[in-house]
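Each chain is listed here by its residues.
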Amino acid sequence: MAGEPQTDCLFCKIVSGDIPATIVRESATTVAFRDINPQAPTHVLVIPKVHYPDAASLAAAEPQIAADVLTEAGAVAADEKIDSTGYRTIFNTGSGAGQTVFHAHAHVLGGRGLQWPPG
Ligand code: AMP
Ligand code: ZN
């Protein structure tokens, strides 16, 4: 069923606790944890607990939870004190854009200068 945990999904296993992660925030619908390969001093991933392959399919099926992911991304930035210096929230969609884990997630990056446009 849509949104159900997928046995072969890394991030579903982080939600269930089967794979450890450095969790920095949790809400009823989301988990936020540090990226294992950080690209900036702060690099946190915010994921919905439900499984959807990307941000657009999450937003189409569960708009409130998509909003929760964005709210939590802002809360992570405040917790990490990067809200005043600036941060970036990214959803890679598709392998051509660098998506490697097909469970929707927001990257929250900050703590260093961020170039625009990104690569
Ligand atoms: P993406 O390339 O947009 O799909 O992002 C996936 C992100 O997940 C990458 O930045 C990886 O470094 C990160 N990642 C992969 N495995 C883990 C893990 N076990 N714990 C935390 N982050 C992970
Ligand atoms: Zn999943």
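Data block above holds the structure.
Residues numbered from 1 in each chain as written. Chains lettered and ligands numbered in written order. Predicted model: local features only at pLDDT ≥ 70, side-chain atom pairs only at ≥ 80, totals over all residues. Heavy atoms only, no water.

**Q** What am I meant to see in the environment of P5 here?
**A** For P5, the position within the fold is in the segment before α1 (10-16). In sequence terms P5 and A78 are 73 residues apart; their C-alpha atoms lie 30 Å from each other. (Helix = DSSP H or I, 4+ residues; strand = E, 2+ residues; numbered from the N terminus.)

**Q** Help me understand the site of ligand 1, please; the structure alone is not making it clear to me.
**A** Close to ligand 1 lie 16 residues, the nearest being D35, N92, G98, T100 and H107. Within the contact set of ligand 1, an oxygen atom lies 2.5 Å away from a side-chain nitrogen or oxygen of D35. I36 is positioned such that a nitrogen or oxygen atom in its backbone is 3.2 Å from a nitrogen atom of ligand 1. Alone, ligand 1 offers 500 Å² of accessible surface; in the complex the protein occludes 84% of this. Broken down by secondary-structure element, the contributors of at least two residues to the shell around ligand 1 are α1 and β2 (30-34). Counting residues per element, the shell around ligand 1 draws most heavily on α1, which supplies 3 residues. Looking at side-chain class alone, the shell around ligand 1 contains 7 nonpolar, 7 polar and 2 charged residues. (Near = heavy atom within 4 Å. Polar contact = N/O pair within 3.5 Å; in protein donor to acceptor, adjacent residues only side chain to side chain. Areas by Shrake-Rupley, 256 points an atom, 1.4 Å probe, with all protein chains shown as cover. Nonpolar A, V, L, I, M, F, W, Y, C, P; charged D, E, K, R; others polar.)

**Q** Help me understand the pattern of salt bridges, please; the structure alone is not making it clear to me.
**A** Any two side chains of opposite charge can pair, on the condition that their charged atoms come close. Applying the stated criterion to the full structure yields 4 salt bridges. Measuring nitrogen to oxygen at the nearest pair gives 2.9 Å for the salt bridge that ties K49 to E26. Residue K49 is found in the loop between β3 (42-48) and α2 (55-61), and its partner E26 is found in strand β1 (residues 23-26); the two are separated by 23 residues along the sequence. Judged by its relative accessible area of 27%, K49 is partly exposed. (Salt bridge = Lys/Arg side-chain N within 4 Å of Asp/Glu carboxyl O. Buried < 20%, exposed > 50% of the residue type's maximum accessible area, 1.4 Å probe, protein only.)

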